[in-house]
Amino acid sequence: MDITILYGTETGNAEMLSEDLQSHLEGSHEVEVSNLAEFDPDGFDKARFYIVICSTYGDGELPASAQPFAEAMDARKPDLAGIHFAIFGMGDSEYDETFNHGSKRMEELLTAHGATRVGERLTHDASGEDLPEDLATDWADQRVAEAEPLLSAASDA
Amino acid sequence: MTVQIAIVGAGPSGCYLAQALGKLRDDIHIDLIDRLPVPYGLVRYGVAPDHQGTKGVVRQFARLFEKQGVGFVGNLRIGDPEHDADLTLAELREFYDVVVLATGLSADRKLGIPGEELDGIFRAGFLTRHWNDHPDEAGRIPGLGRNVVIVGNGNVAIDILRILAKTPHEFEGSDLADTHTQRLSEAGLQTIDIVGRSPADAARFDPVMIRELGKLSATRFVVEDLPPAEDGEDKRLAALRELGEAGASDADKTVTFRFGWVPERATGADGTVSEAHFHKAGGGEELVIACDTLITAIGFDDDRAMDREALLSRAVDAEAGAVEPGLYLAGWFKRGPRGTIPENRADAQELAKRIAADLEAHPPAGDRPGATAIRARFDTVTDYEGWLRIDEAETADVPDGRCRRKLTLVEDMLAAAGAKRETR
Ligand SMILES: Cc1cc2nc3c(=O)[nH]c(=O)nc-3n(C[C@H](O)[C@H](O)[C@H](O)COP(=O)(O)OP(=O)(O)OC[C@H]3O[C@@H](n4cnc5c(N)ncnc54)[C@H](O)[C@@H]3O)c2cc1C
Ligand SMILES: Cc1cc2nc3c(=O)[nH]c(=O)nc-3n(C[C@H](O)[C@H](O)[C@H](O)COP(=O)(O)O)c2cc1C
């Protein structure tokens with residue numbers, strides 16, 4: 001399958017996780033990684049599966065690198081019907097009231113434009129015990145397995 | 001040909017810069033040099049011990065050494081020999097094609113008011129380093145009293161307030177040493193007054209830092225000097241208003257926020273502070289707070305180990321951090337003591353582009369010895385393996401409810417690192 005990993009980051013943790021996931025998935029898939037800051041919302045492709053990794057900043061806001069993307073989405077309102085994505089959030093329960101609100105906003109942004117979420121959004125807690133890559137690799141394998149029939153059904157249709 | 005690059009200071013700026021440079025060119029070798037045998041600067045020695053999530057960023061930095069081939073040269077101070085430096089900048093530049101100074105700003109800014117040298121007055125950098133077990137301050141024990149005044153309205157002031165106000169069980173999961181928790185609870189703190197010069201809506205702390213305070217178990221909050229509530233007001237004001245209404249009913253500590261008061265002088269009895277005097281910003285009104293401890297958290301300054309002023313003034317592009325091709329400044333050392341970890345990342349990415357462009361325009365000969373020359377001259381320097389052994393020693397046998405027990409003496413670090421003792 002062709003996969004694009006998109007990350008929104010501020011201190012770089014989401015970028016590092018994207019690179020880890022790329023190495024993990026690369027054996028069996030074609031995987032590209034892109035910073036959301038450099039990704040054009042008109043560039044979504046129904047034939048690809050999107051894995052979005054997004055952290056949270058300020059008062060539950062999107063991280064700096066996801067903000068230009070969110071603005072471009074609002075301005076251009078692309079039709080994302082037929083686009084499949086999975087989303088992984090990075091946050092810190094030190095900020096419990098806004099814990100992982102960034103990834104939640106990102107999910108809402110994509111679904112509001114018609115994209116379909118595959119599986120549940122999983123969240124990582126920087127104050128917790130788990131390492132993000134330990135959570136994300138199994139999660140990504142499952143999402144990719146779920147996405148495969150969805151994407152091939154779409155290309156047959 | 002390999003371009004040898006030395007980054008002095010292994011804090012977030014230095015680490016982010018190494019990361020960004022590594023992504024731009026592959027014909028370079030980078031060494032991160034630090035005066036301590038341990039890397040990561042203020043992530044280890046500034047960020048509050050009860051904010052372990054923020055410290056998670058070091059996992060990225062560890063990759064530099066583990067996978068990206070960056071070298072770590074620890075226990076080597078660069079700068080003026082009068083400040084105990086081991087190697088001058090000029091000597092270091094002989095060994096490397098490019099040198100970047102990312103040494104931070106570690107001296108505390110002074111208030112500049114009469115009475116500032118009284119006993120019982122402490123500065124933020126000293127306290128936060130002490131609580132983080134920085135070897136420079138491990139031996140100086142602050143005698144804290146019951147009535148504390150904090151001057152300053154930044155995130156560092158709030159970190160200090162939170163640490164003072166927490167009860168021992170609220171440090172669960174942190175790396176605050178038992179000795180600190182014990183001293184803090186023995187101080188029997190009753191009141192904390194936190195006083196800022198600016199009005200509340202111009203305070204420099206983040207609203208999330210204020211909301212976190214609302215969760216403290218044994219503390220009551222009073223917020224003075226707030227303007228009348230308004231719809232859609234500044235988030236800081238909203239957070240402060242909410243805090244003023246929160247607070248434990250069984251509280252044994254009271255925290256009072258005050259805004260718009262300019263510090264004027266500290267007065268004392270028998271050489272120890274007993275009163276902090278303020279006047280209203282733009283007015284004549286006076287405020288006197290009785291206290292036995294006064295803490296100033298008003299920013300940081302240059303430690304003068306390197307001639308920062310001269311470097312900045314002769315820079316071809318001070319804003320970009322370019323002194324001249326081959327010599328650069330990064331992070332707090334370049335920008336001044338403002339900005340969080342993410343800002344250093346953005347800054348480092350810009351500087352990396354500048355360095356790469358200069359390398360294109362002025363290709364170096366590529367015949368510099370780099371760390372080989374340093375290791376030949378100093379048998380006292382440490383490496384990344386040494387830090388891993390220190391890390392192992394610190395995390396091997398930790399007290400209940402703690403994630404690390406830091407070594408507090410450079411000697412002990414060197415012993416753990418397996419390096420030779422300093423012989424000078
Ligand atoms: C108390 C405190 C708490 C903070 N909390 C947070 C927070 O929670 N979140 C956040 O995002 N930001 C926080 N910050 C801000 C953050 O720490 C800084 O933005 C960042 O550390 C600046 O990075 P730097 O690499 O420029 O400097 P530093 O982190 O200071 O690193 C400088 C390094 O240089 C080394 N060095 C110094 N002099 C020499 C020399 N002469 N030779 C060799 N090595 C030398 C030092 O040992 C150190 O390792 C905090 C800052 C402070 C002071
Ligand atoms: C200044 C600051 C504000 C943050 N605010 C939040 C927040 O509101 N909610 C949350 O869940 N995490 C918050 N975080 C935690 C980050 O989302 C978390 O550290 C994450 O791992 C960072 O990923 P990144 O490096 O990809 O940006 C904050 C971190 C910082 C430094």
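Residues numbered from 1 in each chain as written. Chains lettered and ligands numbered in written order. Predicted model: local features only at pLDDT ≥ 70, side-chain atom pairs only at ≥ 80, totals over all residues. Heavy atoms only, no water.

Things to note about the site of ligand 1
All names here are of chain B.
Here comes step 1: As a matter of local geometry, ligand 1 sits amid 30 residues, with Ser13, Asp34, Ile78, Gly339 and Ile341 nearest to it.
Here comes step 2: Interatomic distance of 3.1 Å between a backbone N/O atom of Arg35 and a nitrogen atom of ligand 1.
Here comes step 3: Within the backbone of Trp332, an N or O atom sits 3.0 Å from an oxygen atom of ligand 1.
Here comes step 4: Contact with the protein chains hides 91% of the accessible area of ligand 1, taken as 1000 Å² for the molecule alone.
Here comes step 5: Mapped by element, the contributors of at least two residues to the shell around ligand 1 are helix H1 (12–24), helix H2 (41–45), helix H7 (155–165), helix H12 (331–335) and helix H13 (341–361).
Here comes step 6: Broken down by element, the shell around ligand 1 gets its largest block of residues, three residues, from H13. (Near = heavy atom within 4 Å. Polar contact = N/O pair within 3.5 Å; in protein donor to acceptor, adjacent residues only side chain to side chain. Areas by Shrake-Rupley, 256 points an atom, 1.4 Å probe, with all protein chains shown as cover. Helix = DSSP H or I, 4+ residues; strand = E, 2+ residues; numbered from the N terminus.)

Considering the site of ligand 2
All names here are of chain A.
Here comes step 1: The local shell around ligand 2 holds 18 residues, among which Thr9, Glu10, Thr11, Asn13 and Thr98 are the closest.
Here comes step 2: Between an oxygen atom of ligand 2 and a main-chain N or O atom of Asn13, the distance comes to 2.6 Å.
Here comes step 3: In isolation ligand 2 offers 650 Å² of accessible surface; the protein chains occlude 92% of this area.
Here comes step 4: Secondary-structure elements contributing two or more residues to the shell around ligand 2 are helix H1 (13–26) and strand E4 (84–91).
Here comes step 5: Split into classes, the residues belonging to the shell around ligand 2 amount to five nonpolar, 11 polar and two charged. (Nonpolar A, V, L, I, M, F, W, Y, C, P; charged D, E, K, R; others polar.)

Some words on the sheet that holds strand E12 (residues 272–280) of chain B
Residues and elements named next belong to chain B.
Here comes step 1: Pairing within the open sheet is antiparallel, and its three strands lie in the order E11-E12-E13. Unpaired on one side and paired on the other, strand E11 (261–269) and strand E13 (286–290) mark the two borders of the sheet. In this sheet, adjacent strand axes meet at a mean angle of 25° when their direction is disregarded.
Here comes step 2: Across five bridges, the pairing between E12 and E13 is antiparallel. Bridged to Glu275 within E13 is Ala290. (Pairing = 2+ DSSP bridges. Axes fitted to C-alpha atoms, helices over the stretch in contact; angles between N-to-C directions.)

As for the side chain of Thr293 of chain B
All names here are of chain B.
Here comes step 1: Position of Thr293 relative to the elements: it lies in strand E14 (residues 293–296).
Here comes step 2: Its relative accessible area of 0% is what places Thr293 among the buried residues.
Here comes step 3: If sequence neighbours within four positions are ignored, Thr293 has contacts with Gly120, Phe122, Gly143, Leu144, Gly145, Asn147, Val148, Val149 and Val273. (Buried < 20%, exposed > 50% of the residue type's maximum accessible area, 1.4 Å probe, protein only. Contact = heavy atoms within 4.5 Å.)

Notes on the UniProt feature "domain: FAD/NAD(P)-binding" (unreviewed entry) in chain B
Here comes step 1: Per the UniProt record, "domain: FAD/NAD(P)-binding" (unreviewed entry) is annotated on residues 4–166 of chain B.
Here comes step 2: As annotated, residues 4–166 of chain B comprises 35% helix and 17% strand, and the C-alpha atoms at either end are separated by 47 Å. (UniProt positions renumbered as here; feature names shortened; annotations may be inferred.)

Regarding the interface of chain A and chain B
Here comes step 1: Across the contact, 23 residues belong to chain A and 19 residues belong to chain B.
Here comes step 2: Around 1700 Å² of area is buried between chain A and chain B when both sides are counted, 40% of it from carbon and sulfur atoms.
Here comes step 3: A per-residue breakdown of the area chain A buries against chain B is headed by Met16, Asp59 and Glu94 of chain A, which together make up 33% of the total.
Here comes step 4: The tally of links between chain A and chain B comes to 10 salt bridges.
Here comes step 5: Of the charged contacts, one joins Arg63 of chain B and Asp20 of chain A as a salt bridge, the two residues approaching to 2.9 Å between their closest N and O atoms.
Here comes step 6: Among the elements that make up the side of chain A that touches chain B, the one with the highest residue count is H1 of chain A (five residues).
Here comes step 7: Its residues assigned to classes, the side of chain A that touches chain B comprises six nonpolar, six polar and 11 charged. (Buried area = accessible area lost by both parts, 1.4 Å probe. Salt bridge = Lys/Arg side-chain N within 4 Å of Asp/Glu carboxyl O.)

As for the state of the cysteines
Here comes step 1: Throughout the structure, instances matching the rule amount to zero disulfides over all chains.
Here comes step 2: Here Cys403 of chain B stays unpaired: no disulfide links it, and the sulfur of Cys15 of chain B, its closest cysteine neighbor, is 19 Å away. (Disulfide = S-S within 2.5 Å.)

Some remarks on the nonpolar core
Residue and element names in this part refer to chain B.
Here comes step 1: If you look at the biggest cluster of nonpolar residues, it comprises 43 residues, and the most contacted ones within it are Ile7, Leu17, Leu21, Leu32, Tyr40, Val100 and Ile355.
Here comes step 2: Leave out the neighbours within four places in its chain, and Ile355 touches Leu17, Leu21, Val98, Val100 and Tyr328.
Here comes step 3: The next biggest cluster of nonpolar side chains, apart from the first, holds 41 residues, and it includes Ile150, Leu184, Phe221 and Ile295. (Core = buried A, V, L, I, M, F, W, Y, C linked by side-chain atoms within 4.5 Å.)

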